[in-house]
Amino acid sequence: METVKNNRSVVKNLILGFQHLLAMYSGDILVPLLVGGALHFSAAQMTYLVSMDIFMCGIATLLQLKRTVITGIGLPVVLGCAVEYVAPLQSIGNHFGWTYMYGGIIAAGIFIILVAGPFASLRRFFPPVVTGSLITLIGFTLIPVAFQNLGGGDAAAKSFGSPINLTLGFTTALVIIVINIWGRGFIKQIAILIGILVGTLLAIALGRVGFAPVSAAHWLQLPQPFYFGVPQFEWSSIATMILAAVTCMIESTGVYFALAEITGRDLDTKDLKHGYRSEGLAAILGGIFNTFPYSTFSQNVGIVQLSGIKTLRPVYYSAFLLIFLGLIPKFGAIATLIPASVLGGAMLIMFGMVGAQGIKMLMKVDLNNRNLLIIAVSVGLGLGVTTQPHLFQFLPAEAQTILSNGMVVGSFIAVILNVLLNNTSLKHKIED
């Protein structure tokens, strides 16, 4: 009887882990496809890049899950390559070459490890009004990504927003909503997984899924250090990657606090330091194995909130599944069959839940004029930059890397305004 119960627990956690994997999978394979395509990788090179990226996502996630004396925040977080790195990597790869790109990744990883302590000590600059605004921004600035996927993935394509794409996307979202309203127990916990599966099956029935990627993929791909060449280092490439790394550290901070809020855990400076170090170590390994730097994936916060499962075990399963899929590209290719519109429908719910979690945190804040101003300006600027990223197109590329990211702009403004408006010596100057 005990054996049967344990087997059921394994299957349950495996399914929950698979749900985490599917939530981040599209965003994760998007980065190697974008970077590899821009750098004109061959089919064989692209296969390695995608497979090893998936493999390294699993390794990076394990580094974050397992607490050691120097690494691991121990929260149910999945790591992948953030889209903030795409433009810098493309620029470095095209201007200097692939080896300098990987040199920049390793240097950024070392930088993250070195500044983990000082950056974590800035925790006092992230009170609830700042973290709530930051988490709200994480969710709402990603909504356009969800809608782009919902329309088909490529906004320039003629089929973007076609009736079939909209049907697949909104059907997926509707299934997730219906299960969350009327579902019970385990079925409710895997609502996102069921929605994605229903959407994909509908796509197959409508003839929108091709199985060529599976037949073309290899059965085995082992990690190989310096597959594309030994990393080389150049100061502007390193500076560009460090700027992108700081951006991702800010976003990771918001994710950490969101997960801490959901799981009922209080984060201290040591926890944050361990979290940053894990991401730095993952970036160094990414450079060695010629993949990418890695940071927390925001969409998985929505899964933790929706499923109600706050333990680490399902995410451990997800990490090992990522490693397994990375070693066996043919199995990993199966997940690429999920249409972008289906994933967009699921992302719409997940990202919305992240934003709603931020609003929930803001409800605990004293909404006086000072705090309302912090929320209004930081969220407004963050969303504004997200919808109009070309606003700073005439500035230097390094400045664009920072200012075109709504998360960075909004979080910096929230921190600065909080220091100015909620500083004890300045409070009396602001009438409530």
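A brief look at the structure comes next. (Residues numbered from 1 in each chain as written. Predicted model: local features only at pLDDT ≥ 70, side-chain atom pairs only at ≥ 80, totals over all residues. Heavy atoms only, no water.)

## Remarks on the overall build of the protein chain
Stage number 1. Helices and strands together make up the secondary structure of the protein chain, namely 20 helices and two strands.
Stage number 2. Out of the 432 residues in the protein chain, the part that is buried amounts to 53%.
Stage number 3. Looking at the protein chain alone, contacts between residues at least 24 apart form 83% of all its contacts between residues at least 6 apart.
Stage number 4. When the accessible area of the protein chain is evaluated, it comes to approximately 18300 Å², of which 68% is carbon and sulfur surface. (Helix = DSSP H or I, 4+ residues; strand = E, 2+ residues; numbered from the N terminus. Buried < 20%, exposed > 50% of the residue type's maximum accessible area, 1.4 Å probe, protein only. Contact = heavy atoms within 4.5 Å. Areas by Shrake-Rupley, 256 points an atom, 1.4 Å probe, with all protein chains shown as cover.)

## Describing the packing of aromatic side chains
Stage number 1. Summed over the entire model, instances satisfying the criterion amount to five aromatic pairs.
Stage number 2. Ring geometry for Y256 against Y276: centres 5.9 Å apart, planes inclined by 45 degrees, an arrangement best described as tilted. One end of the pair, Y256, is in helix α11 (residues 235–263); the other, Y276, is in helix α12 (residues 269–288), with 20 residues separating them in the sequence.
Stage number 3. Since its relative accessible area comes to 1%, Y276 is described here as buried. (Phe/Tyr/Trp six-rings, centres within 6.5 Å; stacked < 30°, edge-to-face > 60°.)

## Here we look at the nonpolar core
Stage number 1. In this structure, Y85, L89, L267, Y276, F292 and Y294 are the most contacted members of the largest nonpolar core, which totals 107 residues.
Stage number 2. Ignoring sequence-local partners within four residues, the contact set of Y85 consists of I112, M241, A244, A245, C248 and P293. (Core = buried A, V, L, I, M, F, W, Y, C linked by side-chain atoms within 4.5 Å.)

## Focus: helix α14 (residues 313–327)
Stage number 1. Between its terminal C-alpha atoms α14 stretches 22 Å, which fits the 21 Å expected from 15 residues at 1.5 Å a residue.
Stage number 2. Considered for burial, the residues of α14 that qualify are P314, V315, S318, A319, L321, L322, I323, L325 and G326. (Expected span 1.5 Å × (residues − 1).)

## Topic: the side chain of T291
Stage number 1. Along the chain, T291 falls in the loop between α12 and β2 (295–296).
Stage number 2. Setting aside anything within four residues of it in sequence, one finds T291 in contact with L49, M52, D53, M56, Y102, I105 and G286.

## Looking at unusual backbone geometry
Stage number 1. A positive phi angle, near 55 degrees, is found at F226, a position not held by glycine.
Stage number 2. Inspection of the secondary structure assignment puts F226 in the loop between α10 (212–216) and α11.
Stage number 3. Overall, the relative accessible area of 36% leaves F226 in the partly exposed class.
Stage number 4. Although it is not a glycine, N290 adopts a positive phi angle of roughly 55 degrees.
Stage number 5. Among the structural elements, N290 can be located in the loop between α12 and β2.
Stage number 6. For N290, a relative accessible area of 0% puts it in the buried group.

## A few points about the packing of helix α5 (residues 128–141) against helix α19 (residues 406–421)
In helix packing, the relevant descriptors are the interaxial angle and the interaxial distance, both defined with respect to the helix axes.
Stage number 1. At a closest axis distance of 9 Å, the pairing of α5 and α19 adopts a crossing angle of 165 degrees. Taken as axis vectors, α5 and α19 run roughly antiparallel relative to one another. α5 and α19 meet at a crossing whose hand is right-handed. Side by side, α5 and α19 meet where V129, V130, L134, L137, I138 and T141 of the first sit next to G406, M407, G410, S411, A414, V415 and N418 of the second.
Stage number 2. Of the residues belonging to the contact of α5 with α19, the class tally is eight nonpolar, five polar and no charged. (Axes fitted to C-alpha atoms, helices over the stretch in contact; angles between N-to-C directions. Parallel < 35°, antiparallel > 145°, perpendicular 65-115°, else oblique. Left-handed = near helix turned anticlockwise from the far one by under 90°. Nonpolar A, V, L, I, M, F, W, Y, C, P; charged D, E, K, R; others polar.)

## Some points on the environment of C57
Stage number 1. Topologically, C57 is positioned in helix α2 (residues 43–65).
Stage number 2. Assessed through its relative accessible area of 0%, C57 is described here as buried.
Stage number 3. Along the chain, C57 and G286 lie 229 residues apart, while their C-alpha atoms are 9.3 Å from each other.

## Structural notes on the pattern of salt bridges
A side chain with one charge can pair with a side chain of the opposite charge if their charged atoms come near.
Stage number 1. Inspection of the entire model under this criterion finds three salt bridges.
Stage number 2. With a closest N to O distance of 3.1 Å, R265 and D271 form a salt bridge.
Stage number 3. Residue D271 is classed as buried on the basis of its relative accessible area, which comes to 6%.
Stage number 4. When salt bridges with common partners are traced through the structure, they connect R67, R265 and D271 into a single cluster. (Salt bridge = Lys/Arg side-chain N within 4 Å of Asp/Glu carboxyl O.)

## A closer look at the packing of α5 against α11
Stage number 1. Two elements in contact, α5 and α11, have axes separated by 9 Å at closest approach and are oriented at 105 degrees. Relative to α11, α5 is oriented roughly perpendicular. Here α5 contributes T131, L134, I135 and I138 to the contact with α11, which in turn contributes I250, E251, G254, V255, F257 and A258.
Stage number 2. Class assignment of the residues belonging to the contact of α5 with α11 gives a composition of seven nonpolar, two polar and one charged.

## Examining a nonpolar patch on the surface
Stage number 1. Together, L174, I177, V178, I181 and W182 make up a nonpolar patch on the protein surface, roughly 510 Å² of accessible area in all.
Stage number 2. Tracing the chain through its elements places I181 in helix α7 (residues 163–182).
Stage number 3. Its relative accessible area of 48% is what places I181 among the partly exposed residues. (Patch = residues over 30% accessible without salt bridge, like charges linked within 9 Å, V, L, I, M, F, W, Y side chains within 5 Å.)

## Considering the environment of L137
Stage number 1. Within the element layout of this structure, L137 appears in helix α5.
Stage number 2. Looking at L137, the relative accessible area reads 1%, which means it is buried.
Stage number 3. With 271 residues separating them along the chain, L137 and V408 place their C-alpha atoms 9.7 Å apart.
Stage number 4. Excluding residues that lie within four positions of it along the chain, L137 makes contacts with L142, S378, V379, G382, L383, G406, M407, G410 and S411.

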